[in-house]
Structures are given as C-alpha cells and as structure tokens.
Amino acid sequence: MSWLFGYSSPPKPPADMPPPSEENTPQNLTKAEKKAMEAYRFDSSALERAAQAARELERSRHSKDALELSKLQESTRQQEQLAKIKEYEAAIEQAKVEQKRIDHEERRKTLQEETKQHQVRAQYQDQLSKKRYEEQLAQQQRSQEEILKKQEESVAKQEALRRATIEHEMELREKNKLKAIEAEARARAKADRENRDITLEQIRLKAAENRTTILESIQTAGSVIGTGVSALLTDWQRTATAVGGLSLLALGVYSARGATSVAARFIESRIGKPTLVRETSRLSLLDAARHPIRTAAAAVAKFRAPADALAGVVLAPSLERRLRDVAIAAKNTRRNRGLYTNLLMYGPPGTGKTLFSKKLAKHSGMEYAIMTGGDVAPMGKDAVAAIHKVFDWANTSRKGVLLFIDEADAFLRKRSSEALSEELRAALNAFLYRTSAQSGRVMLVLASNTPHHLDSAVHDRIDALLEFPLPTSEERQRLLRLYFDAYILQPAADKHSRLSVDRFEYGELCDEVASLTAGLSGRALSKLGVAWQAAAYASEDGRLTRNMCLDICQGAVLQYRQKMEWLSAEEKSRSMLPYLRDLPPFDPAETEAPETSVTLKAPEAKKVDLEK
C-alpha cells in the first residue's frame, strides 16, 4: 500500500499482458483516427491493480490509520482551500476599499474642479459686473457732463440776455438822465437870465457887509492887542506869568513828542512787527485784529507736535542728513538755552532754502521772520534804524527767532565794491555790530545765489555752509511724484472738481519727465505740475492725457534753455556756472508749439568747483 500514499512507485503491469503495439491496430488508418482510437481505448489492468490494492488495504492492520491519514490530508486541503478563499475574500474587500478610496479621491478632485470652475465663473461675473458698473459710471459721467454743458449754455444765454437787458436799461437811464440834465440846465439858465438884476444886487450887498465886518475886526483886534501889550509892558508880574506859561507849554510839547516816540517804539517791538520783516510766524495784536481766523489757526497749530523738518522737502541724501543734524541741534539748543549757530544757504534759486528755513523754525519750536536784502537799499538813511529795530524786536521773543535773510548779498556785499553806497555801507556796519557775538535768542540764516559777493566779515559770522544744488534725476522723480499727487491726483479725487486723469502709468510718466527735465529746479518742477493742472482745466472735457503732459514738459525744457541763453557773461562765469547744464545749442525755432510729441534728451550735469 505504500505506493498508494506516495511512498513508492506504482506496481509494474503483469508480464503476461502484452503491451499495446501497432500490430493490433489497422495499418490503413490515418493519424487522426489512430488518436481517436487511443482516446477510447480501455486499460483493464489498471482496474485490476486498484482492486488488488483495495483488497490488500482491507487486510492490512494500518487500514484505519491510512483512512484517518487520508481524512486528515483531505481536511488539511479543505482548510488550505478555506484559507485561500478567505485570502481571496480579504483581497476582494481590500480591492473594494481601494476602489472606494479611488472613488472618494475622484469625487474630491471633481469637487475641487467644480469649486475652481465656480471661482472662475464668479471672478468672470465680478469682472462683468465691474465692467458694467464702470460703463454705467462712464455713462452717468457723460450724461452729467452733457447736462452740465447744457446748463452752462443755458446760464450763458441767460447771462447774455441779462447783460443785454442791463445794457439797454442803462442806455435808457443815461438818455433820460441827459434829457433831465439838459432840461434842468435850460431852466437854470432861463432863471439866471430872468433874475440877473436881483443876483447882482445881492452880490453888491454881501460885498459891502464883508468890507464893513473886516474893518471892524481889524479895529477891534488892534485895540485889544495894543491894550494887552501896554498892560504887559507896564505890569511885570503879568509878563513873568506869560513867559513861564510859554516855557511850560514848550516843555510839554517836547516831552509829549519824546514820550510818543518811546511808546511807538515799545508798541512796534511788542505788538507790531518791523518794516523790514515781510513774513513772520510771531503772533501780534495788529495781525490778530486784521486776520482773526488766520491768527486763531496759527495759535492752535502751535500746540501740535512739531513736524519733521524735512517733511515735504526733497533734497540730496547727503544734504538731508546734514539738515537733519542742523534741525536736531537747533531744537536741543532751544531746550537747553544754548547759543544758536548761524547758517549760510547758497545755490541756484528755487531749490528749497526758504521752505527748509520755515520748517526748521517750526520743528525747533522757534518763531521765524523773513526779510529780503532788496528792501534795505530803498530805505536810504533809515536803513540803519530799521536793522536795529529788527534785532530789538527779535530779542523780545521768549521762544527765539530764526531770522531768515533772503538775497543777503543785496546789502551785505564786500565793502571794497565800488557799487556799495554810503547808506548800504552804514547798514552793513550796523548788521555786523548786531551779529558780532553768538546769540541765544536769534538764529541767523542767510540765503544767497552768489555767496562769493558777501563781505569777509559776514563770512566770519557764519558757522556752517549748506549748498542747495539743483535736483538730480532721482530727486526730480520724487518731486514730480509729489507734485503730480498734489496738483493732479488729489483734485481729480474730489467729486466737485472738473479735473480728471486719463488712464496711463503715472509713475512711468514721472520717470520719463524726470529724465527730460535735467537742470530744472524744484520751483520749476512745481510750476510744471501747476501747468498740467491748468491744461486739464483748459481742455474741453477737463481730462489730462499723457501727450498733454509731455508737450507741456517739452515747452518747459525749451523755456529753460531760452533762459540759460539770456544769462549774461558774468552770470554764466560766476554765479550760475556750477549749476548750468551742458545743453545743446539753442534754436529759437524750437520754441514754436510742435504738432506731435517730441522726446528731448538732456545730458547730465558737469561738476564744477565753486572756488575756481
């Protein structure tokens, strides 16, 4: 039985059974027929061997063990089959879970895509709504402009009719007045002709009465004066009394004049301001009476925190650092009651000298006073007294006064100059006397376009020199952005303003204009912003375009070149040489208004030593 359970090979067939051979098969069959016969051929020896094995198994004593072993093998194969089935079921469940996960992932991706599509649709709808809203605004603006235009036309027509009516009424009144005057003149002439004899008689009577009155007055005055003189000559006590009264009267007159002069000086120094001071932040009773609202606003502004000294001022970075140090030093000097330093600001006009002086005074908590050197010469002999009054008035301030003298070279010129008159020489000496020592109440700030014309003694009074050059390209960009915002964008944001701006890149425009305006000062750039605003107001629709800005910029550059051509040889060689640009030759034909926008190119500035 070992071969049945796989321990040995199966038994061999009996020797008496002949093996199948080809002899028993017909020879005339085809291969397909032979294969079919072999498939249906029955081997009886195999059944015999199985029956013999079954009989041996029944007779063996291990038959039950073999049966149990076969059962165990069968149960083991069943359990293996069950385990495989469970593995197949687990794999199926895992596949289901994976399929659900894939379904959830696909659903999530679908939801994300739907959300993205909804967002895109919402953005598109938002853009459409914005576009519709802009179109509605544009339509409303156009309709409002049309209504405004119609209203203006109606108002113009009404105004024309009213003017015509008024002119007609005035013409009628003038005619009636002329007729009335003519009638009155005729009536008066007729009355004069009729009353001529009566008038002549009245004139004769009045002349006789006047003659009699005058003769009587002369006789009365002569008798009274003669009586008084004879009484004075005969009575010495009355003579002494009259002389004493006249002396007291003269003394009173001269005393009143002196007291009035002293009181006037006190009032001028305490209440008013000197004649030479053009502008000041110091409050006075006279200014408060003339301009109460402005005075109240200035008084309220003094209680606010001091602003930055360089707020709204665009200068070179190195100069800004120096000016910031000067502002901090002035503020701390006032707090600690120290001695102020005197400054000299020089450079071409329109570079921010006066603006910084005002902001410096406000930042340091001082009061400022502005005077110009050109006001000293016309005063003649009174210039010395006026300068003393300015310093006396400044010394009465408790906060300290920043005295800014613009165009200082007008009366502080070199004393060796032949053009300096005796009055200006005396005014210069008075100024030098009042500034001989450092002051804790007056901070002196001089401004000049030609500092080399100042007297050497004036330079000795100066503690710091500050040069204000023309703005560079970066500074021009900052200035143009500042002025474009102040003069164009802020008025355009006002609903009641007629000004509007076309759609273009404002920053790029300012950068392009800054590259074209080399040599222009800060004041010239501010005038350029005002010109842009005026051009927008002058246009039909009140809209400022990019081409308009470039055309106005081109005109400003050509005007600057024309002004440079007008400078005299002395101005080019001394005063303006460090600040002039190496411009191409000027052609007067370029000043004509061009039909199209032209791009100008201005070269960079050349550095020139001022001492040379």
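Residues numbered from 1 in each chain as written. Predicted model: local features only at pLDDT ≥ 70, side-chain atom pairs only at ≥ 80, totals over all residues. Heavy atoms only, no water.

(A) Spatial organisation of the layout of surface pockets. Its boundaries defined by the atoms lining it, the largest pocket holds a volume of some 1,200 Å³. Taken together, the elements giving at least two residues each to the lining of the largest pocket come down to α3 (63–194), α13 (473–493) and β7 (500–501). A total of twelve residues in the lining of the largest pocket trace back to one element, the largest contributor, which is α3. (1 Å grid on protein atoms, 1.4 Å probe; cavity = no way out; pocket = protein on both sides within 12 Å on 5 of 7 lines; lining within 4 Å. Points joined across faces, edges and corners; volume = space filled by probe spheres on them. Helix = DSSP H or I, 4+ residues; strand = E, 2+ residues; numbered from the N terminus.)

(B) Examining the nonpolar core more closely. Formed by 32 residues in total, the largest nonpolar core has its most connected members in V376, L403, I405, F411, L412, F431 and L446. For this core, the secondary structure elements donating two or more residues are β3 (367–372), α10 (383–395), β4 (401–406), α11 (422–434), β5 (442–448) and α12 (456–461). Among the elements that line this core, the one with the most residues is α10, at seven residues. Apart from residues lying up to four places away in sequence, V376 is in contact with L276, M371, A383, I387, F411, L424 and A427. Grouped together as the second largest cluster of nonpolar side chains are 28 residues, F484, C510, C549 and Y560 included. (Core = buried A, V, L, I, M, F, W, Y, C linked by side-chain atoms within 4.5 Å. Buried < 20%, exposed > 50% of the residue type's maximum accessible area, 1.4 Å probe, protein only. Contact = heavy atoms within 4.5 Å.)

(C) Spatial organisation of the packing of aromatic side chains. Taken as a whole, this structure holds seven aromatic pairs when the rule is applied. With a centroid separation of 6.0 Å and 85 degrees between ring planes, the pair formed by F411 and F431 is classed as edge-to-face. In this pair, F411 sits in the loop between β4 and α11 while F431 sits in helix α11, placing the two residues 20 residues apart along the sequence. F431 matches F411 in its accessibility class, with the two residues each being buried. An aromatic cluster of at least three residues, connected via ring pairs, comprises F484, F504, Y506 and W532. (Phe/Tyr/Trp six-rings, centres within 6.5 Å; stacked < 30°, edge-to-face > 60°.)

(D) Geometry of the pattern of salt bridges. Applying the stated rule across the entire model yields 19 salt bridges. Put simply, E93 and K96 hold a salt bridge, and the shortest N to O gap is 3.9 Å. Of the two residues, E93 and K96 are both situated in helix α3; the distance of three residues between them amounts to about one turn of the helix. On the basis of relative accessibility, which here comes to 45%, the residue E93 falls in the partly exposed class. For K96, a relative accessible area of 45% puts it in the partly exposed group. The salt bridge involving E182 is made with R186; its shortest N-O contact spans 2.5 Å. (Salt bridge = Lys/Arg side-chain N within 4 Å of Asp/Glu carboxyl O.)

(E) Up close: the pairing of β5. For β5, the tally of buried residues reaches seven of seven residues, placing the bulk of the element in the interior. Burial along β5 is two-sided: V442, L444, L446 and S448 and M443, V445 and A447, pointing in opposite directions, are all buried. Two elements, strand β2 (residues 343–346) and β5, share four bridges in a ladder whose sense is parallel. Its bridge partner being in β5, M345 is matched across the sheet by A447. Pairing geometry for β4 and β5, over five bridges, is parallel. Bridge pairing in β5 places F404 opposite V445. (Pairing = 2+ DSSP bridges.)

(F) Focus on a nonpolar patch on the surface. Together, L246, L249 and V253 line one region of the surface with nonpolar side chains, adding up to about 300 Å² of accessible area. With respect to the helices, strands and loops of the structure, L249 is situated in helix α5 (residues 236–270). (Patch = residues over 30% accessible without salt bridge, like charges linked within 9 Å, V, L, I, M, F, W, Y side chains within 5 Å. Areas by Shrake-Rupley, 256 points an atom, 1.4 Å probe, with all protein chains shown as cover.)

(G) Molecular detail of the side chain of R461. Note that R461 resides in helix α12. From its side chain, R461 meets the backbone oxygen of T435 in a polar contact 3.3 Å long. Not counting residues up to four positions away in its chain, the partners in contact with R461 are N342, L432, T435 and S436. (Polar contact = N/O pair within 3.5 Å; in protein donor to acceptor, adjacent residues only side chain to side chain.)

(H) Here's a closer look at unusual backbone geometry. For R337, which is not glycine, the phi torsion reads 55 degrees and is therefore positive. With respect to the secondary-structure elements, R337 resides in the loop between α8 (317–336) and β2. For R337, a relative accessible area of 78% corresponds to the exposed category. The phi angle at E407 is positive, at roughly 50 degrees, despite the residue not being glycine. Relative to the elements of secondary structure, E407 occurs in the loop between β4 and α11.

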